[in-house]
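# A look at the structure
These are the residues of each chain, in order.
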Amino acid sequence: MGMTIAEKILAAHAGLDEVKAGDLVNAKLDLVLANDITGPLAIKEFNKIGIDKVFDKDKIVLIPDHFAPAKDIASAQQCRDIKEFSQKHQLTHYYEIGRTGIEHCFLPEQGLVVPGDLVIGADSHTCTYGALGAFSTGVGSTDLAVGMALGENWFRVPETIKFILTGKPKNKWVGGKDYILYIIGKIGVDGAQYKAMEFTGEAIDALSVDGRMTMSNMAIEAGAKAGLIAADEKTIEYIKARAKRPWKIYESDPDAVYAQIIEIDVTDLEPQIAFPHLPSNTRPVSRSTHVKIDQSVIGSCTNGRIEDLRIAARVMQGKKVHPSIRTIVIPGTQEIYMQAVNEGLVQIFVEAGAVFSPPTCGPCLGGYMGILAKGERAISTTNRNFVGRMGHPESEVYLSSPAIAAASAVLGRIGSPGEVA
Amino acid sequence: MEKLKGKAWKVGNDIDTDVIIPARYLNTSDGDFLAAHCLEDLIPNVKEKITPGDILVAGKNFGCGSSREHAPIAIKYAGFSCVLAESYARIFYRNAINIGLPIIVAPEACREAIEGDVLEVDPTTGVIHNLAQSRSYQGEPFPPFMLEILESGGVIPFTAKKLKGKA
Ligand code: SF4
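Residues and elements named next belong to chain A. Taken as a whole, this structure holds three cavities of 30 Å³ or more when the rule is applied. Here the largest cavity defines a volume of roughly 230 Å³. For the largest cavity, the lining is made up of 24 residues, of which His66, Asp123, His125, Leu365 and Arg389 are closest to its centre. The set of elements that each furnish at least two residues to the lining of the largest cavity consists of helix 4 (103-109) and helix 10 (300-303). For the lining of the largest cavity, the per-class residue count stands at eight nonpolar, 10 polar and six charged. Roughly 70 Å³ of internal volume is contained in the second largest cavity.

Right, here's the structure in full:
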């Protein structure tokens, strides 16, 4: 019987020839990741296991990104905890701020994740690396502690839902963010509960690796365990210059068994907006233009990559941020920051009247660098619009692509680049 | 495992981890501190309102969102003995088992329970008695290895025990 990418990667890491959805397997991990929020708790749990060494000092990545540069004393302590642990265990992949950025932008960029990998991260958006053809999934801190100790973990092999995206969007501003928001709107926030999503079709082939990462990133917003895209020439082109290890490409067999196959024609798709308070609460932008906003955020592990900043800059070039709006642009990593400087994007943003921040998660999870007051509304390229996600419980977050967030910043309300005169 | 008994506290569908414990409190992993802010935008001061042992009863997709283990920890330290829900988000489910908080899938029991009903839950079998309504339900039982994790008090003591056995 044929297997899906998810089944093949899990089988290979469990030392089995074949697995099928529903099987429970113990599998070896290629990489284990945590950050300044989940890391300290993982370390606390690791220390209770009663072993004094991590399984492999080259396969653990600890990144301060959520509340870093430290936003307060308690956050500073959490950053310090992961630094001290990294030093004690001589971890190869600990990075101080100024040399890193948001974990899910940083790991692929540095070639720390490669196609065919099995990765766990104590962060739900670890599913981002599915865009490279790796099986990567979010876990909690305790699972991560066990991963750091043993280099393996148990998995229930997930069923896969296959999405075939056909056509070429007529609207040139439509991209990966709109595809994934549309899909989540269609299947709901638990539409892929416990399952893997697999994205295929000509619209996916046409996306850049950055655009694909935006899609895989938000698989978790449909409850999925992974968001997989088979590696192709674009992936290899991306990986070649970066990878620190050999990689392996897995593709689903033609006779693989899927829980469901969903076909979507993107030809007439409009840019999508997710209204408060669920990512599934989507509407096309043309039905959202009545929404006035106070803040626009462009960044995060969903849309903080160079392509995202280029698109936002293209929309904002020569324009001014609406007088009553705050706009905050956050590059995903130091490398993206530097690229944005070199390409003149930073100048465009600053001249437009936007704040250009160092790489951090910041406002995405209501940490700092742009928290909303009671009653305020933000358009944001991030991934969650839950109650209180970006600040006060009575504030609101509308999710969109960078093109829409940039256009809305100029308009002072939700709108399209076409409306920005 | 011992049977659990407590009053039902009901919450709705898609209760996400930002509602269970807002990110503004994630600059620590201290259980008592997290418990003080558990579900605060939904049931303010929940820790003071409930009696230790009470049971959180939820709708679909409970615990969706982030991977923060601070969420089940907050629930556990607030004093809830277990969670019943129509369904769970995957990472939350794993996290709860891993920290030794029994959580059971029991759609019918959750839909029919009324706030304040006294429930008795047997985590070993998944059987739930609603004493207020004199009704019984079969929740989804745990696979044996998960039960073993819960009986050990979580995956850390479970792993420690396993490693000792090997040594
Ligand atoms: S940018 Fe937002 S979603 Fe991404 S890792 Fe940071 S907090 Fe999480």
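Still more ground to cover, so stick around.
All residues adjacent to the ligand are His66, Ile102, His104, Asp123, His125, Ser300, Cys301, Cys361, Cys364, Leu365, Asn383 and Arg389 of chain A. Judged by the fraction of its atoms near the pocket grid, the ligand is located in the largest cavity.

Under the definition given, this model contains 29 salt bridges over all chains. The closest approach of N and O atoms between Glu343 of chain A and Arg310 of chain A, which form a salt bridge, is 2.8 Å. With Glu343 of chain A in the loop between helix 12 (334-342) and helix 13 (345-352) and Arg310 of chain A in helix 11 (residues 306-316), the pair connects residues that are 33 residues apart, well separated along the chain. Residue Glu343 of chain A is classed as partly exposed on the basis of its relative accessible area, which comes to 37%. On the basis of relative accessibility, which here comes to 35%, the residue Arg310 of chain A falls in the partly exposed class. Three or more residues are tied together by salt bridges with common partners; here these are Arg389 of chain A together with Asp18 and Arg68 of chain B.

Bringing the sheet that holds strand 8 (residues 160-166) of chain A into the picture now. All names here are of chain A. Strand order in the open sheet made by the four strands is 10-9-8-11, with parallel pairing throughout. For this open sheet the edge positions go to strand 10 (226-228) and strand 11 (260-265), each flanked by a neighbour on one side alone. For this sheet, the mean angle separating the axes of adjacent strands, direction not counted, is 20 degrees. Direction of pairing for strand 8 relative to strand 11: parallel, over a ladder of six bridges. By the bridge assignment, Thr166 is partnered in strand 11 with Asp265.

What follows covers the interface of chain B and chain A. It is common to give the size of an interface as the accessible area lost on bringing the parts into contact. Between chain B and chain A, the residue contacts involve 38 residues of the former and 45 residues of the latter. In total, chain B and chain A occlude about 3500 Å² of area from one another, counting both sides; carbon and sulfur atoms represent 58% of this. When the buried area of chain B at its contact with chain A is split by residue, Arg90, Arg94 and Ile156 of chain B rank highest and sum to 22% of it. The interface formed by chain B and chain A includes two salt bridges. Put simply, Asp18 of chain B and Arg389 of chain A hold a salt bridge, and the shortest N to O gap is 3.0 Å. If you look at where chain B meets chain A, you find 20 residue pairs in polar contact (both at pLDDT 80 or more). At the level of elements, helix 1 (17-20), helix 4 (70-78), helix 5 (90-98), helix 7 (144-152) and helix 8 (155-166) of chain B are the ones that each hand at least two residues to the side of chain B that touches chain A. In terms of residue count, the dominant contributor to the side of chain B that touches chain A is helix 5 of chain B (six residues). Class assignment for the residues of the side of chain B that touches chain A results in 17 nonpolar, 11 polar and 10 charged.

Calculation rules
Residues numbered from 1 in each chain as written. Chains lettered and ligands numbered in written order. Predicted model: local features only at pLDDT ≥ 70, side-chain atom pairs only at ≥ 80, totals over all residues. Heavy atoms only, no water. 1 Å grid on protein atoms, 1.4 Å probe; cavity = no way out; pocket = protein on both sides within 12 Å on 5 of 7 lines; lining within 4 Å. Points joined across faces, edges and corners; volume = space filled by probe spheres on them. Helix = DSSP H or I, 4+ residues; strand = E, 2+ residues; numbered from the N terminus. Nonpolar A, V, L, I, M, F, W, Y, C, P; charged D, E, K, R; others polar. Near = heavy atom within 4 Å. Sits in = over half its atoms within 2 Å of the grid points. Salt bridge = Lys/Arg side-chain N within 4 Å of Asp/Glu carboxyl O. Buried < 20%, exposed > 50% of the residue type's maximum accessible area, 1.4 Å probe, protein only. Pairing = 2+ DSSP bridges. Axes fitted to C-alpha atoms, helices over the stretch in contact; angles between N-to-C directions. Contact = heavy atoms within 4.5 Å. Buried area = accessible area lost by both parts, 1.4 Å probe. Polar contact = N/O pair within 3.5 Å; in protein donor to acceptor, adjacent residues only side chain to side chain.

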